[in-house]
Amino acid sequence: MRFYNRESELAELLEIRKQAFADHSRFTLITGRRRIGKTSLVLKSLSEEQFAYLFVGKKSEAVLCAEFSREINKVTGLEIPQELRTLQSLFSLFFQMIGTRKVTLFFDEFQELEQVNPGFMSDLQQFWDRNKEVTNVNLVASGSVYTLMKKLFEDKKEPLFGRADNIIKVAPFNVETLKQILLEHSPGYKNEDLLALYTITGGVPKYVELLCDNNVLTQKKMIDYIIRDNSPLLDEGKNLLVEEFGRNYSTYFSIITAISRGYNTQNEIESFVGKPNLGAQLLRLVEHYSILKHRRPIMAKEGSQTVRYEIDDPFIRFWFRFIENYRPLVEMKAFERLRKIVTDEFAAYSGKLLERYFKEMLAASGRYLDIGSYWEARNREQNEIDIVAIESHKPKLALAAEVKRNPKEFRPIKLDAKVEHLEQKLLYGYQIERLCLSLNDM
């Protein structure tokens, strides 16, 4: 699959490099979840220039030093001895010798340096602070363990806190890019195929690439490809999350499992897990790990107790719902039976993702100040509205939309009653457009 999108990120990386070479050194951090395309982005931005690619593999410090020395010497023309055995001695000499040479160093899997030599981050901080203003190094660092990268650069107790001049968070492909990819790889695609691609991959480039390269771009083919023996995605969710959580992952897995089964308030989650007082773990899953998102009704105050938790990553949501929840079938290799379960439940399951899809579309239009859903702690089914959007440029204008896969299921009278209630409770005096959004509108 060719390289898609990322125009703004590429432009920013180019501008940072120009600044580093024209003025003084810059330190750029590339963040984002595993498989999001961080390495591909940086390599694409550097495709027309020489740079030192410093991949931090799980090797001894001496071996890494030898590899780094060869790569730096090749690009800069320096003669750093390959006999150096510590990162401290290598980069001490590098900053002494580099002068005003213009060079890009790209550390990939940067967080692994903590395992190689825990003291090196302090050394790098000192080298950087002493030499940044008198050198022209374009230093770029990325890593696949999001929480570790965030800790290294955002924890005030860490040596590299505040040292990143620029932080670029790489996001999944947006809905327009997914449309473009499907149009190029499967010109006759149906909207249900687009929804399946969005629901399963969430726009994560590596997963999209897997499906494109294997030509599995209909809803049926995607499900068949994933739910089979030796599927590259069967263990992906566990591998990704255990890497983030570490060995003590069981409580976090139980919380996410509860939410994947529809228990989305704290009381419901604690009842399912069988443990009280899970507020701290829920908060970490939202703020530290960025796995969950807490949702409040549109225009609700920050302290509102009407909170629902949802899995923010569509692939993780899909993986827990259909793979982790049916782990016994996976272990027994009963894939035909599991495929039938996924196929039978997929229409209902993907409905919530269709709602999210349309919220992204509305946000991309730039027309709305606030986009969310509306519900109440009591009678939440009765008065719930899938999408409520407040106009940004026209006062007292809003949109209320019901989301249905099949527009024939839409009942305008029910929406009218809900909107009337919404006007009385929240949007008094607003002119509210009523709408049904379905597969036909994707």
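See the structure above.
Keep in mind it's a predicted model, so treat the numbers as computed, not measured.

K.L.:
Could you give an account of the overall build of the protein chain, with specific residues and numbers?
P.N.:
For the protein chain, the helix and strand inventory stands at 20 helices and eleven strands. Computed over the C-alpha atoms, the radius of gyration of the protein chain is 25 Å, within 12% of the 22 Å expected from 2.2 N^0.38 for a compact globule of 442 residues. Going through the 442 residues of the protein chain one by one, you find that 53% of them count as buried. Accessible surface for the protein chain amounts to roughly 21,100 Å². Of this, 48% is attributable to carbon and sulfur atoms.

K.L.:
Which residues make up the pairing of strand E1 (residues 26–31), and what values do they have?
P.N.:
Regular strands show a simple pattern: their side chains alternate between the two faces of the sheet. For E1, a buried count of six out of six residues is recorded, marking the element as mostly surrounded by other parts of the structure. Residues Arg26, Thr28 and Ile30 line one face of E1 and the alternating positions Phe27, Leu29 and Thr31 line the opposite face, and both faces are buried. Direction of pairing for E1 relative to strand E4 (residues 136–142): parallel, over a ladder of five bridges. Bridge assignment links arginine 26 to a residue of E4, and that residue is asparagine 138. Relative to strand E5 (residues 166–169), E1 runs parallel, the two sharing four bridges. Looking at the pairing, threonine 28 lines up with asparagine 166 of E5.

K.L.:
Can you explain the sheet that holds strand E9 (residues 385–391)? Please cite residues and give values.
P.N.:
The mixed open sheet is built from four strands, whose spatial order is E8-E9-E10-E11. The open sheet has two edge strands with one neighbour each: strand E8 (368–374) and strand E11 (431–437). Ignoring strand direction, the axes of neighbouring strands in this sheet form an average angle of 20°. For E9 and strand E10 (residues 397–403), the ladder comprises four bridges, and the chain directions are antiparallel. Looking at E10, one finds that isoleucine 390 is bridged to alanine 398. Its contacts with the sheet place helix H18 (residues 335–364) against E8, E9, E10 and E11, and it is angled at close to 165° to E8. Against the sheet, helix H20 (residues 412–425) contacts E8, E9, E10 and E11, and its axis sits at roughly 145° relative to E11.

K.L.:
Which residues make up unusual backbone geometry, and what are the values?
P.N.:
Positive phi values are uncommon outside glycine, yet arginine 6 reaches one of about 65°. Given a relative accessible area of 5%, arginine 6 falls into the buried group. Even without glycine at this site, serine 290 takes up a positive phi of about 55°. Of note, serine 290 is situated in the loop between helix H15 (279–287) and strand E6 (292–295).

K.L.:
Tell me about the pattern of salt bridges, and name the residues and values.
P.N.:
What the rule picks out here adds up to 35 salt bridges. Among the salt bridges present, the one from glutamate 243 reaches arginine 34, with a minimum N-O distance of 3.7 Å. With glutamate 243 in helix H12 (residues 236–245) and arginine 34 in the loop between E1 and helix H2 (38–45), the pair connects residues that are 209 residues apart, well separated along the chain. Across the pair aspartate 165 and lysine 132 runs a salt bridge whose closest N-O atoms are separated by 2.6 Å. A residue pair is termed long-range when its members are at least 10 positions apart, and aspartate 165 in the loop between helix H7 (146–154) and E5 and lysine 132 in the loop between helix H6 (120–131) and E4 qualify at 33 residues. Taken together, the shared-partner salt bridges connect Arg295, Glu310, Arg317, Lys352, Glu355 and Lys359 into one network.

K.L.:
Please provide a residue-by-residue account of the sheet that holds strand E2 (residues 52–55), values included.
P.N.:
Strand order in the open sheet formed by five strands is E2-E3-E4-E1-E5, and the pairing between neighbours is parallel. One side of each edge strand has no neighbouring strand; the edge strands of this open sheet are E2 and E5. Across this sheet, the average inter-strand angle for adjacent strands is 15°, counted without regard to direction. Those strands touched by helix H4 (residues 87–98) are E2, strand E3 (102–108) and E4, and its axis lies near 160° from that of E3.

K.L.:
Talk me through H2; I want residue IDs and the actual numbers.
P.N.:
Along H2, the residues classified as buried are Lys38, Leu41, Val42 and Ser45. Angularly, the buried residues of H2 cover 90° about the axis, an arc narrow enough to put them on a single face. Tucked into the core, H2 has its buried residues touching helix H1 (7–22), E1, E3 and E4.

K.L.:
Go over the environment of leucine 152, please, and point to the residues and values.
P.N.:
By the secondary structure assignment, leucine 152 is in helix H7. The exposure class assigned to leucine 152 is buried, which follows from its relative accessible area of 4%. The spacing of leucine 152 and methionine 121 is 31 residues in sequence and 8.6 Å in space, taken between C-alpha atoms. Setting aside anything within four residues of it in sequence, one finds leucine 152 in contact with Phe110, Gln111, Glu114, Met121, Glu158, Leu160 and Phe161.

K.L.:
If you had to explain the packing of helix H3 (residues 61–76) against H4 to someone new, which residues and values would you point to?
P.N.:
Relative to each other, H3 and H4 sit at 15°, their axes nearing to 9 Å. It follows from the interaxial angle that H3 and H4 lie roughly parallel. The handedness of the crossing between H3 and H4 is right-handed. Facing H3, whose interface residues are Glu61, Cys65, Phe68, Ser69, Ile72 and Thr76, H4 presents Leu87, Gln88, Leu90, Phe91, Phe94 and Ile98.

K.L.:
Which residues make up helix H14 (residues 266–273), and what values go with them?
P.N.:
Along H14, the positions that sit buried rather than exposed are Ile269, Glu270 and Val273. When H14 is viewed along its axis, its buried side chains cluster within an angular range of 95° and face the same direction. Opposite the buried face of H14, by more than 90 degrees, sit the exposed residues Asn267 and Ser271. Residues of H14 that are buried make contact with helix H13 (250–260), H15 and strand E7 (308–311).

Thresholds applied
Residues numbered from 1 in each chain as written. Predicted model: local features only at pLDDT ≥ 70, side-chain atom pairs only at ≥ 80, totals over all residues. Heavy atoms only, no water. Helix = DSSP H or I, 4+ residues; strand = E, 2+ residues; numbered from the N terminus. Rg over C-alpha atoms; globule rule 2.2 N^0.38 Å. Buried < 20%, exposed > 50% of the residue type's maximum accessible area, 1.4 Å probe, protein only. Areas by Shrake-Rupley, 256 points an atom, 1.4 Å probe, with all protein chains shown as cover. Pairing = 2+ DSSP bridges. Axes fitted to C-alpha atoms, helices over the stretch in contact; angles between N-to-C directions. Contact = heavy atoms within 4.5 Å. Salt bridge = Lys/Arg side-chain N within 4 Å of Asp/Glu carboxyl O. Arc of directions from axis to C-beta. Parallel < 35°, antiparallel > 145°, perpendicular 65-115°, else oblique. Left-handed = near helix turned anticlockwise from the far one by under 90°.

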